[in-house]
Amino acid sequence: MDNSVRVLSTLALKGAVARLAETYRATSGVRIDADFAPTLALLERLRGGEAADLVILTREGLDEMIGEGRVVADNSVDLARSYVGLAVMAGAAHPDIASEAALRATLLGARAVAYSRLGASGILFARLIDRLDIAAEINARAVIIPSGFTAEKLVTGEADLAVQQISELKQVDGTDVVGPIPLNLQTAAVFSAGRMTASGNADAADHLLRYLASADVAPVLRATGLEP
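The following refers to the structure shown.

Rules of the game
- Residues numbered from 1 in each chain as written.
- Predicted model: local features only at pLDDT ≥ 70, side-chain atom pairs only at ≥ 80, totals over all residues.
- Heavy atoms only, no water.
- Core = buried A, V, L, I, M, F, W, Y, C linked by side-chain atoms within 4.5 Å.
- Buried < 20%, exposed > 50% of the residue type's maximum accessible area, 1.4 Å probe, protein only.
- Helix = DSSP H or I, 4+ residues; strand = E, 2+ residues; numbered from the N terminus.
- Contact = heavy atoms within 4.5 Å.
- Salt bridge = Lys/Arg side-chain N within 4 Å of Asp/Glu carboxyl O.

Some points on the nonpolar core
Val-5, Leu-13, Leu-54, Ile-56, Leu-208 and Leu-212 are the most contacted members of the largest nonpolar core, which has 41 residues in total. With 6 residues, helix H9 (residues 202–212) is the largest single contributor of residues to this core. For Leu-212, the contacting residues outside a window of four places in its chain are Leu-20, Leu-54, Ile-56, Leu-79 and Val-217. Counting residues in hydrophobic clusters, the runner-up holds 23 residues, among them Leu-128, Ile-138, Leu-161 and Leu-185.

Have a look at this one:
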C-alpha cells in the first residue's frame, strides 16, 4: 500500500477524521491526507477535476458522483448521520428550542444568527425559517458565512446563536451546543463515503473505507456529535 490516501470530506466529519488519523497511521502505516469543505463546494471541485482517492459527502452528493461515474458504486458506505443544532457561547444561558413555537421565539429574540450558505445545515435552515415565516426578520440581521464553522461567529461576538450540524458546532472551542432543532422540523443528514474511480491508490482507499465503516470507529463518531 502507498503511504497516503487523499480524502476530500464534508466538514461534518472533520472532528472524527482528525481523531482517527493518528490511530489509523499507527496501525496501517498509511497517512490520511484530508481536506474539508461543505459538500456543495466539494462537488464543484470534483467536477472541476480535483483528484482524490476517497470522498465523504452527503448521501445525495455521493449518489450524484456515482451517477456521473466519478465514484465507484459497489463499495460506497453510509458512515454516520447528523442533526442540525444550535450553539451559544460557553456559559451563556441555553434558550428553549424544544418545540416549534419555542424555536421560533428563540430565533426571533436573537440579536444575530450565524448559519452557512453552503452545506446541508444551511439549506435546511433557510427552508426552515421560510416555513416558520420569519425569513425576512432573521436574514435582516443574520451572519451568513460562505463556508466554515458558524460557531466561530459566537467567539468573535458577531452572533449569539449559531446553526449547523452538531458535529460541526462541536469543533469550536468556547461554545456550547444547546441541542438539535426539533426532530419533527428536520431530516437527519446521512454522510457517506466512496472511492473515486480515478484513484491511483485503490487498495489503500478501499482499506480506509472498510476501516471508517468498522465498529471500531463508532465511539469516535458518537464523541464528535455523529450517530454511526
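Here we look at the environment of Ala-112
Assignment of secondary structure puts Ala-112 in the loop between helix H4 (100–109) and strand E6 (113–116). Given a relative accessible area of 4%, Ala-112 falls into the buried group. Along the backbone, Ala-112 and Ile-144 are 32 residues apart, and their C-alpha atoms lie at a distance of 9.9 Å. Apart from residues lying up to four places away in sequence, Ala-112 is in contact with Arg-141, Val-143, Glu-158, Ala-159, Asp-160 and Leu-161.

Looking at the pattern of salt bridges
All told, the structure shown has 14 salt bridges when counted by the stated rule. A salt bridge links Asp-78 to Arg-59, with the shortest nitrogen-to-oxygen separation between them at 2.7 Å. One end of the pair, Asp-78, is in strand E4 (residues 77–82); the other, Arg-59, is in helix H3 (residues 59–67), and 19 residues separate them in sequence. For Arg-59, a relative accessible area of 19% puts it in the buried group. Here the salt bridges do not stand alone but share partners, grouping Arg-6, Asp-33, Asp-35, Arg-45 and Glu-50 into one network.

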